[in-house]
Amino acid sequence: MMRNFISVVTRHWISLVGAIIALVAVVLMLTLVGIQMTGFRGGAYLGILTYMLLPMVFAIGLVLIPVGVMRKRKLDAASAALHEAQAPGLPIIDLNNEHTRGVVLASVVIGLLSLVLLAGATYKGVHEMESVAFCGTVCHTVMEPEHTAFQRSPHSKITCADCHIGAGADWFVKSKISGSWQMISVALNLYPTPVTSPVHDLRPARDTCEQCHWPTKHVGDKLQVKTKFADDETNTESKTVLVMKVGGQQGSASTGIHWHVDRGVEIRYLTDPTRQNVYDIEMTTPAGKKVFKTEAAPEGPTEWRTMDCVDCHNRPAHVFYPADKELNSAMDDGRIDKTLPFIKREGLRVLQEGKYASKEEARAGIAREVEGFYKTSYADVATAKAAQIKAAGDALGDIYSWNVFPKMKVTWGTHKNNLGHSEEAPGCFRCHDKKHTTADGARIGANCKTCHAVLADEEEDPEILKTLRP
Ligand code: HEC
Ligand code: HEC
Ligand code: HEC
Ligand code: HEC
Ligand code: HEC
């Protein structure tokens, strides 16, 4: 039977080439699977080779086999037609013929085996495409900023697909189609730098975030203690203490910040594509509908957007921090020695003013700058605390490479965080700005106490902490 099959397959060069391609691909595939089963993890590229590229090559080989067989049959038929006036249009499969039986049987067996193999590989390949390694590293340069930030985020143990695709077939297909387009745009260098944000066709939060976070969970008040350092010689340390009124729904109605996503509350707003400017706001609650207006939207593209988790938590997995915040936390947790004179001021200076073409250049340049500062201004410190100065240089290099990506044109403030209000991003103040009013003059609350109690604002030794941490 096998001999018959082989003789049919090898009679035309196209099917012969197809058979060889398929055979080589399958052997390589099985070898790589075997290697990976022994525990070897080659990273995303090995997965793509094993479960996507080789199966494609295998499938191409398989398709070539019948093409060659058909060609051969046509040639045979053509020469037969010279002898007989009527050549049959389609092959006659005569199962009484032992040779034909063998070929048909072998084809069915090999066909079924191939199908199983391809189905398995496709399944594995699709999973591969949803792994963090695939999303974050295959398009390395393009996704590097998001992948880097993701690894430091509270979500570093879930996958990109949990938020960017979610469950269900329709979004799965949608994501594979847009994913294919993205692969092409990466291959042809058509992608925008930086990658466009916000993501306009992001799946609504109710299908993603709310699969893991109970949206009506009552969070209540949340205490926040922030440590800050000033830019004087001693890097004067201070504390800011806030009680965030997060709230959240448990009963029928709630107050607090999470009120915006309560059942029965819908807030729609007119905004420009950056979502940083908010014009008309339409609020629907069980009590009725209110419209808040401010200056009219300017000419140009606008969109109506319904508020969900992502309008405040727009950087749950990709937080790019301002240099000031990064320095405060590095000094607070000891990565940078807070007793080094002027380290806060100098750190900020080298992070924000330095222009570097690559990360390696940045690390070297930053370390050199910091060392240089102490050598010229504090020669005694430069020798006494050489190790601390070196560590500070390294930590500053880390901070830079977590937030600045020259190749993608991502730098301080490129991706704004809407969870709060600051000079870089108005966040809550896009709506809570005392300018949005209803026709009868009602405003959206902008009193500091609407959202939090500020128990201490940059105080060196606040009373409240003596009570909370005696
Ligand atoms: C916790 C949910 C979550 C996870 C996990 C997540 N993302 Fe995102 N991502 C978001 C949200 C939300 C936005 C949209 C921000 C916006 O529209 O303002 C976003 C935006 C992006 C953007 C657009 C550029 C930008 O920074 O806004 C890219 C690219 C991206 N994500 C890639 C990834 C990659 C790669 C991974 C995995 C390594 C990943 N994401 C994991 C929630 C997530
Ligand atoms: C697959 C499950 C999953 C999905 C989907 C998910 N999260 Fe999370 N989220 C987590 C886990 C796990 C944590 C970490 C909890 C912890 O650190 O205690 C977390 C933490 C958080 C936190 C607390 C952050 C902090 O600083 O402590 C916020 C806010 C949050 N998620 C918002 C979101 C938003 C917004 C989305 C949708 C864009 C989302 N999450 C999607 C699982 C998920
Ligand atoms: C798209 C516009 C918009 C954004 C952005 C926005 N809010 Fe609101 N918020 C509203 C509207 C509208 C109301 C209802 C005002 C009213 O009841 O008159 C409101 C009400 C509130 C309330 C009062 C809820 C209650 O107890 O009745 C709090 C607290 C609040 N917002 C906090 C925040 C915080 C914190 C942020 C930023 C993280 C934020 N909001 C961002 C539109 C917005
Ligand atoms: C109006 C803005 C806004 C919206 C909308 C919003 N959040 Fe929040 N959320 C906040 C703020 C502000 C905090 C407090 C952040 C802090 O102090 O760290 C918070 C805190 C949280 C936390 C941390 C709670 C904890 O125990 O530490 C989680 C988880 C969270 N939000 C998830 C969600 C999810 C899921 C949604 C959508 C269903 C959502 N949020 C919608 C503003 C918002
Ligand atoms: C619409 C809600 C809202 C209003 C109104 C509001 N804030 Fe805030 N504020 C926030 C949120 C959200 C944060 C971010 C908390 C975090 O970092 O998790 C914040 C953060 C802060 C911080 C800490 C910033 C930092 O990280 O150092 C200070 C200080 C502060 N607010 C002061 C004020 C003062 C003063 C007012 C009145 C003029 C005010 N806020 C009005 C929502 C609000």
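Think of each chain on its own: its residues are numbered from 1, step by step along the sequence as written. For this description, chains carry letters from A and ligands carry numbers from 1, given in the order in which they are written. A pLDDT threshold of at least 70 governs which residues receive local features in this predicted model, and a stricter bar of 80 or more applies before side-chain atom pairs are shown or counted, although totals over entire chains, interfaces and linings include all residues. Based on all heavy atoms of the structure, the side-chain values leave hydrogens and waters out of the count.

Asker: Looking at this model, I keep getting lost on the overall build of the protein chain. Mind explaining?
Answerer: We count a stretch as a helix when DSSP gives it H or I for four or more residues in a row; a strand needs E for two or more, and each element gets its number in order from the N terminus. Scanning the protein chain from terminus to terminus reveals 17 helices and seven strands. To get the radius of gyration, use the C-alpha atoms; to get the globule rule, take the number of residues to the power 0.38 and multiply by 2.2 Å. Here the C-alpha atoms of the protein chain give a radius of gyration of 32 Å, more than 25% beyond the 23 Å that 2.2 N^0.38 yields for 470 residues. With the principal axes as the frame, the protein chain shows a C-alpha extent of 105 × 70 × 45 Å. Taking all 470 residues of the protein chain together, the buried fraction comes to 35%. Residue pairs in contact within the protein chain that sit at least 24 positions apart in sequence constitute 67% of those at least 6 positions apart. Where accessible areas are quoted, they stem from the Shrake-Rupley method and a 1.4 Å probe; at the residue level, only the protein chains shown are allowed to cover. Summing over all exposed atoms, the protein chain offers an accessible surface of approximately 27,700 Å²; the carbon and sulfur share of this is 61%. Buried residues are those whose accessible area, probed at 1.4 Å on protein chains only, stays under 20% of the maximum for their type, while exposed residues exceed 50% and partly exposed ones sit between those limits. Residues count as neighbours in contact if any of their non-hydrogen atoms are within 4.5 Å of one another.

Asker: It is not clear to me how the coordination of the iron atom of ligand 4 should be interpreted in this structure. Could you clarify?
Answerer: Note on metal sites: the ideal angle is 109.5 degrees for four tetrahedral donors, and 90 or 180 degrees for six octahedral donors. Protein-derived ligands of the iron atom of ligand 4 are His258 (NE2) and His313 (NE2), with the metal-ligand distances lying across 2.0 Å. The site at the iron atom of ligand 4 holds six donor atoms, and with the angles between them running 87 to 178 degrees, its shape is octahedral. With His258 in the loop between strand E2 (237-247) and strand E3 (266-271) and His313 in the loop between helix H10 (309-312) and helix H11 (323-332), this pair connects stretches of sequence that are 55 residues apart. Under the relative-accessibility criterion, His313 is labelled partly exposed at 34%. Only nitrogen, oxygen and sulfur atoms within 2.8 Å of the metal, or 3.2 Å for Na, K and Ca, are treated as donors, and water is left out, so sites may look incomplete. Donor angles set the geometry label: tetrahedral for four donors if every angle is between 85 and 135 degrees, square planar for four and octahedral for six if opposite donors exceed 155 degrees and the others are between 65 and 115, irregular for anything else.

Asker: Any chance you could explain the coordination of the iron atom of ligand 2 here in plain terms?
Answerer: Protein ligation of the iron atom of ligand 2 involves His155 (NE2) and His213 (NE2), the donor distances falling in the range 1.9 Å. Of note is the iron atom of ligand 2, whose six donor atoms meet at the metal with angles of 86 to 180 degrees in an arrangement that counts as octahedral. One end of the pair, His155, is in the loop between helix H6 (140-151) and helix H7 (160-164); the other, His213, is in the loop between helix H9 (209-212) and strand E1 (220-229), and 58 residues separate them in sequence.

Asker: I tried to follow the nonpolar core on my own but got confused; where do I start?
Answerer: One broad rule of soluble globular proteins: the nonpolar side chains tend to lie buried together. Throughout, nonpolar core names a set of buried Ala, Val, Leu, Ile, Met, Phe, Trp, Tyr and Cys residues whose side chains join them through atoms within 4.5 Å. Core analysis: the biggest nonpolar cluster contains 29 residues, and Ile336, Leu351, Ile366 and Tyr374 have the highest contact counts within it. Mapped onto this core, the elements with two or more residues apiece are H11, helix H12 (343-353), helix H13 (359-377), helix H14 (379-384) and helix H15 (386-403). Among the elements that make up this core, the one with the highest residue count is H15 (six residues). Here Ile336 is in contact with Leu327, Ala330, Met331, Ile343, Ala392, Ala395 and Leu396, once residues within four sequence places are set aside. Counting ten residues, the second-largest nonpolar core is a separate cluster that includes Tyr269, Val278, Met307 and Cys431.

Asker: Quick question: what am I supposed to make of the confidence of the model for the protein chain here?
Answerer: Low-pLDDT portions of the prediction should not be read for the details of their coordinates. pLDDT measures how confident the predictor is about each residue, on a scale from 0 to 100. With 90% of its residues at a pLDDT of at least 70, the protein chain reaches an overall mean of 87. Within the protein chain, H11 carries the highest mean pLDDT (97), whereas helix H8 (residues 169-187) carries the lowest (67).

Asker: What exactly am I supposed to notice about the packing of H13 against H15 here?
Answerer: Any two packed helices are characterised by how steeply their axes cross, that is the angle between the axes, and by the distance between the axes. To define axes, lines are fitted to C-alpha atoms, for helices over the stretch in contact only, and angles between the resulting N-to-C directions are given on a 0 to 180 degree scale. Interaxial distance between H13 and H15 falls to 8 Å at its minimum, and their mutual angle equals 145 degrees. Pair H13 / H15 crosses with right-handed handedness. Note on element contacts: H15 touches H13 through Ile389, Gly393, Asp394, Leu396, Gly397, Asp398, Tyr400 and Ser401, opposite Lys359, Ala362, Arg363, Ile366, Ala367, Val370, Glu371 and Tyr374. Only Asp, Glu, Lys and Arg are considered charged in this grouping, and only Ala, Val, Leu, Ile, Met, Phe, Trp, Tyr, Cys and Pro are considered nonpolar; every other residue, Gly among them, is considered polar. Split by residue class, the contact of H13 with H15 holds eight nonpolar, three polar and five charged. Two helices that cross are described as forming a left-handed crossing if the nearer one is turned anticlockwise from the farther one by less than a right angle, and a right-handed crossing if clockwise.

Asker: Would you take a moment to explain the packing of H11 against H15 for this structure?
Answerer: Where H11 contacts H15, the axes come no closer than 11 Å and their chain directions differ by 140 degrees. When the axes of H11 and H15 are compared, the pair comes out oblique. Here the hand of the crossing between H11 and H15 comes out right-handed. For the pair formed by H11 and H15, the contact residues are Glu326, Leu327 and Ala330 on the first element and Leu396, Ile399, Trp402 and Asn403 on the second. Of the residues assigned to the contact of H11 with H15, the class counts are five nonpolar, one polar and one charged. Throughout, the term roughly parallel applies to angles under 35 degrees, roughly antiparallel to angles over 145, roughly perpendicular to angles from 65 to 115, and oblique to all others.

Asker: What am I meant to see in the sheet that holds strand E6 (residues 303-306) here?
Answerer: Neighbouring strands of a sheet are bound in pairs by backbone hydrogen bonds; such pairs are parallel or else antiparallel. Strand order in the open sheet made by the four strands is E5-E4-E3-E6, with antiparallel pairing throughout. Here the strands that pair on one side only, and so sit at the sheet edges, are strand E5 (288-292) and E6. The sheet shows a mean angle of 15 degrees between the axes of neighbouring strands, taken without regard to direction. Two strands qualify as a pair provided that DSSP identifies no fewer than 2 bridges between them.

Asker: Would you mind showing me how to read a nonpolar patch on the surface here?
Answerer: Taken together, the side chains of Ile93, Leu95, Val104, Val108, Leu112 and Leu115 make up a nonpolar region of the molecular surface, amounting to roughly 560 Å² of accessible area. Its location among the elements puts Val104 in helix H4 (residues 98-129). What makes a patch is a set of residues exposed beyond 30% relative accessible area and free of salt bridges, joined within 9 Å when like-charged and within 5 Å when nonpolar (Val, Leu, Ile, Met, Phe, Trp, Tyr). Think of a salt bridge as a Lys or Arg side-chain nitrogen and an Asp or Glu carboxyl oxygen that are within 4 Å of each other.

Asker: Any chance you could explain the site of ligand 5 here in plain terms?
Answerer: Nearness is defined per residue: one heavy atom within 4 Å of the molecule or strand is enough. Not every one of the 19 residues close to ligand 5 is listed here, only the nearest: Lys228, His421, Cys448, Cys451 and His452. Gln224 places a side-chain nitrogen or oxygen 2.9 Å from an oxygen atom of ligand 5. Of all elements in the fold, only E1, E2, helix H16 (448-451) and strand E7 (452-459) reach the threshold of two or more residues within the shell around ligand 5. Across the shell around ligand 5, the residue classes tally to nine nonpolar, six polar and four charged. N or O atoms closer than or at 3.5 Å make up a polar contact, with two conditions inside protein: a donor-capable atom paired with an acceptor-capable one, and, for residues adjacent in sequence, both atoms drawn from side chains.

Asker: Please explain H12 as it appears in this structure.
Answerer: The periodicity of an α-helix, 3.6 residues per turn, causes residues three or four positions apart to be oriented the same way. Taken together, the buried positions of H12 are occupied by Ile343, Lys344, Glu346, Gly347, Leu348, Val350 and Leu351. Elements in contact with the buried residues of H12: E1, H11, H13 and H15.

Asker: Where do I start with the sheet that holds E2 in this structure?
Answerer: Spatially, the three strands line up as an open sheet ordered E1-E2-E7, and their pairing is antiparallel. With partners counted over all chains shown, the strands left at the sheet margins are E1 and E7, one partner each. The mean inter-strand angle of the sheet, taken between neighbouring strand axes irrespective of direction, is 15 degrees. Across ten bridges, E1 lies against E2 in antiparallel orientation. Looking across to E2, one finds that Gly220 is bridged to Gly247.

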